[in-house]
Amino acid sequence: MLDYIKNRQIFRWYLLLLPTLWSILFLADYLWRINPEKGYHFSITLWGLQACLMLLMMITSGCFFYQMLIEHKKVNAVPDKTKTKHLVIIPCFKEPIEVIQQSIESILKQTINAQNNIILIISFEAKSPNLNASKRALMNTYEKQFYLFNVLVHPIDIKNEIPGKCSNERFAVKQVLTMIHQLPNEFNLRNILLTVMDSDTLLHRRYLEYIAQDYEKSIGSDSVNIIWQAALFYNWNLNQSPFFTRITALFRTIWMIGFNIPFQVHSMSVYSSSLTLCIDNNFFDPTYQMEDMHYFVSSMNTRKGKIKLRPVYLPVICGPTSGDNWQEEISEWHRQTKRWSIGAFEVFHYICIKAFNLGIIMTSRLTITMTLLYGLFQSIIFFATLIAVPIWHHYQLTNDAKLWYILGLIPWLFIIWVFCIDGLFTHFFHLKNEKVSLLRNIIHIALTPIVLLSYNLVSFISLHHLAIKGKSVCSHDPSEKSHLNRLKK
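Residues numbered from 1 in each chain as written. Predicted model: local features only at pLDDT ≥ 70, side-chain atom pairs only at ≥ 80, totals over all residues. Heavy atoms only, no water.

## Let's talk about the nonpolar core
Thought 1: Counting 154 residues, the largest nonpolar core has Ile 104, Ile 122, Leu 138, Phe 149 and Phe 284 as the members making the most contacts within it.
Thought 2: Of the residues forming this core, the biggest block, 13 residues, is contributed by helix α3 (residues 36-72).
Thought 3: Discounting chain neighbours no more than four positions away, the residues touching Leu 138 are Ile 97, Ile 100, Gln 101, Ile 104, Ile 122, Phe 124, Glu 143, Phe 149 and Val 151. (Core = buried A, V, L, I, M, F, W, Y, C linked by side-chain atoms within 4.5 Å. Buried < 20%, exposed > 50% of the residue type's maximum accessible area, 1.4 Å probe, protein only. Helix = DSSP H or I, 4+ residues; strand = E, 2+ residues; numbered from the N terminus. Contact = heavy atoms within 4.5 Å.)

## Here's the deal with helix α14 (residues 360-377)
Thought 1: Here α14 spans 24 Å end to end across 18 residues, near enough to the 26 Å set by a 1.5 Å rise per residue.
Thought 2: The axis of α14 is deflected most strongly, by about 35°, at Thr 371. (Expected span 1.5 Å × (residues − 1). Bend = angle between axes of the 7 residues up to and from the residue.)

## Considerations on the pairing of strand β8 (residues 308-318)
Thought 1: Counting buried positions over the eleven residues of β8 gives eight, a clear majority of the element.
Thought 2: Across two bridges, strand β5 (residues 201-202) lies against β8 in antiparallel orientation. In the strand pairing of β8, Thr 201 is matched with Cys 318.
Thought 3: Alignment of strand β6 (residues 226-233) against β8, held across eight bridges, turns out to be parallel. In the strand pairing of β8, Ala 231 is matched with Pro 315. (Pairing = 2+ DSSP bridges.)

## So, the sheet that holds strand β1 (residues 85-92)
Thought 1: As summarised here, the arrangement of the eight strands in space is β3-β2-β1-β4-β7-β6-β8-β5, forming an open sheet in which the pairing is mixed. Strands with a single pairing partner mark the edges of an open sheet, and in this sheet they are β3 (148-154) and β5.
Thought 2: Inspection of the sheet shows strand β4 (residues 192-196) paired to strand β7 (residues 271-274) by four bridges, in the antiparallel sense. Note that in β7 the partner of Val 196 across the bridge is Tyr 271.
Thought 3: Across the sheet, α3 is in contact with β6 and β8; its angle to β8 comes to roughly 70°.
Thought 4: Against the sheet, helix α7 (residues 165-180) contacts β1, β2 (118-125), β3, β4 and β7, and its axis sits at roughly 135° relative to β3. (Axes fitted to C-alpha atoms, helices over the stretch in contact; angles between N-to-C directions.)

## Observations concerning the packing of α3 against helix α9 (residues 243-260)
Thought 1: Closest axis-to-axis distance for the α3/α9 pair is 7 Å, and the angle between their directions is 90°. With respect to α9, the element α3 is oriented roughly perpendicular. Along its contact with α3, which presents Leu 53, Leu 56, Met 57, Thr 60, Ser 61 and Phe 64, the element α9 presents Ile 254, Trp 255, Ile 257, Gly 258 and Phe 259.
Thought 2: For the contact of α3 with α9, the class distribution of residues is eight nonpolar, three polar and no charged. (Parallel < 35°, antiparallel > 145°, perpendicular 65-115°, else oblique. Nonpolar A, V, L, I, M, F, W, Y, C, P; charged D, E, K, R; others polar.)

## Describing the pairing of β4
Thought 1: Counting buried positions along β4 gives five out of five residues, so the element sits mostly inside the fold.
Thought 2: The two faces of β4 match: Ile 192, Leu 194 and Val 196 on one face and Leu 193 and Thr 195 on the other face are all buried.
Thought 3: Pairing between β1 and β4: five bridges, direction parallel. Bridge pairing in β4 links Ile 89 to Val 196.

## Details of unusual backbone geometry
Thought 1: Of note in this structure, Asn 282 is not a glycine but carries a positive phi near 60°.
Thought 2: Positionally, Asn 282 belongs in the loop between α10 (275-280) and α11 (291-302).
Thought 3: Residues other than glycine seldom take positive phi values, yet His 430 does so here, at roughly 55°.
Thought 4: As for its placement among the helices and strands, His 430 is situated in the loop between α17 (401-428) and α18 (438-469).

## Focus on the packing of aromatic side chains
Thought 1: Under the counting rule described, the total for this entry stands at 22 aromatic pairs.
Thought 2: Seen in terms of ring centroids, Phe 64 and Tyr 313 are 4.8 Å apart; in terms of plane orientation they differ by 55°. Their pairing is tilted. Placement of the pair is Phe 64 in helix α3 and Tyr 313 in strand β8, with a sequence separation of 249 residues.
Thought 3: The class of Phe 64 is buried, set by a relative accessible area of 4%.
Thought 4: An aromatic cluster is defined as three or more aromatic residues linked by ring pairs; in this entry it consists of Phe 243, Phe 244, Phe 251, Trp 255, Trp 326, Trp 333, Phe 377, Phe 382, Phe 414 and Tyr 455. (Phe/Tyr/Trp six-rings, centres within 6.5 Å; stacked < 30°, edge-to-face > 60°.)

## Quick word on the environment of Ile 330
Thought 1: Positionally, Ile 330 belongs in helix α12 (residues 326-353).
Thought 2: Along the primary structure Ile 330 and Phe 244 are separated by 86 residues, whereas in three dimensions their C-alpha atoms are 8.2 Å apart.

## Here we look at the environment of Ser 269
Thought 1: Summarising the element assignment, Ser 269 is placed in the loop between α9 and β7.
Thought 2: Relative accessible area serves as the criterion here: at 10%, Ser 269 is assigned to the buried category.
Thought 3: It is 8.4 Å that separates the C-alpha atoms of Ser 269 and Leu 232, two residues lying 37 residues apart in sequence.
Thought 4: The residues touching Ser 269, leaving out its near neighbours within four places in the chain, are Lys 165, Val 196, Met 197, Asp 198, Leu 232, Arg 252 and Asp 292.

Structural data, given as structure tokens:
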């Protein structure tokens, strides 16, 4: 037993979340039975906290979206005169080459000159299917369209590595550094911005220009302490996805622009930083699976809490989970929900063990925000408030009924708001193929509570799975992307 605990690293800080979350669920139901007054106050507090979080995200996401509309209308400001160069890394595994090519095309459409300013690296896993054919096709098509383009292969079975994005990107950056040292002086390391993106990512045409201009405005000590994060919208054939996939994707966007970015929680999927920060950070930790969350927190550790998550007020379109049929869709949805949750709880542990470097204030801020978003909001809040419904019924005929009605109405306003943001996005950013009918939106709104409760259940069970099996379940299981290619874009 002791060997099992030691080898799997069972005792980790996220175990503190289990009694906390179970206590909330227990008190939401049992306290009211033994002490109605205290149970009433506890339940109203839960409902109030949920309502406050939702109102907060509505306000912050609305402000973020408004800034996006303003920035989207701007024209490029002579980007070719910039001194900043770009290193873009796309880690790949089993994605169809057609999906990868669409992502590359979005980089070629950037307002900066790709042949003068962009190094693009595609980094496959050694176990990728059709590896040689994909490598040849990409090299033949894009080798001469960038300042430097290369397709790398991340070897398998490297000691002390978890296969996935962290280890893949670490390998890619280290290989690129060797290449950069052989390039002319305009590719000075201090002038290079690193952008990491998934293989199913469509960058806004001004994305690289935007971060370069912001970087040059911040030249100095602060410039290497910035991680840029854009709003991620999952409208890549999202209108053709099943309701549970679409609803989850829409909420992920709101969680990001309404909470993650405004409150500096962590980066996600597609982000940028100076290459200098990445080097000082010892690249990416290959023993973690959630490279985006971990990169932000480990950078915080490197810079002793001085990292800023800078918003990029431009949208980036990503692919949602997908499958060829409903059974595969459900399987993909479950697998990715589980992976996101496990990755977040594992990063929670990392924050705790790096508390000395981060400082009390920064550690407290990160642990509280992650507990609120992942521990409470995404794991149990909907279960806890559902348990408290009998109390709502008990008091609905009393003088306190108005408060309960208000707190019960806000979640529905929040859900409608999430769908409104999606409708505004597809309208103002001219995604005609992504629009969804009013009737289908109404049906999806009605089904949203079921999806959110299911999300809570998967996330909560995932924490128990992690607590029992420890580090051994922290592997990167990439989502299926083949369906993105078969759907009409």
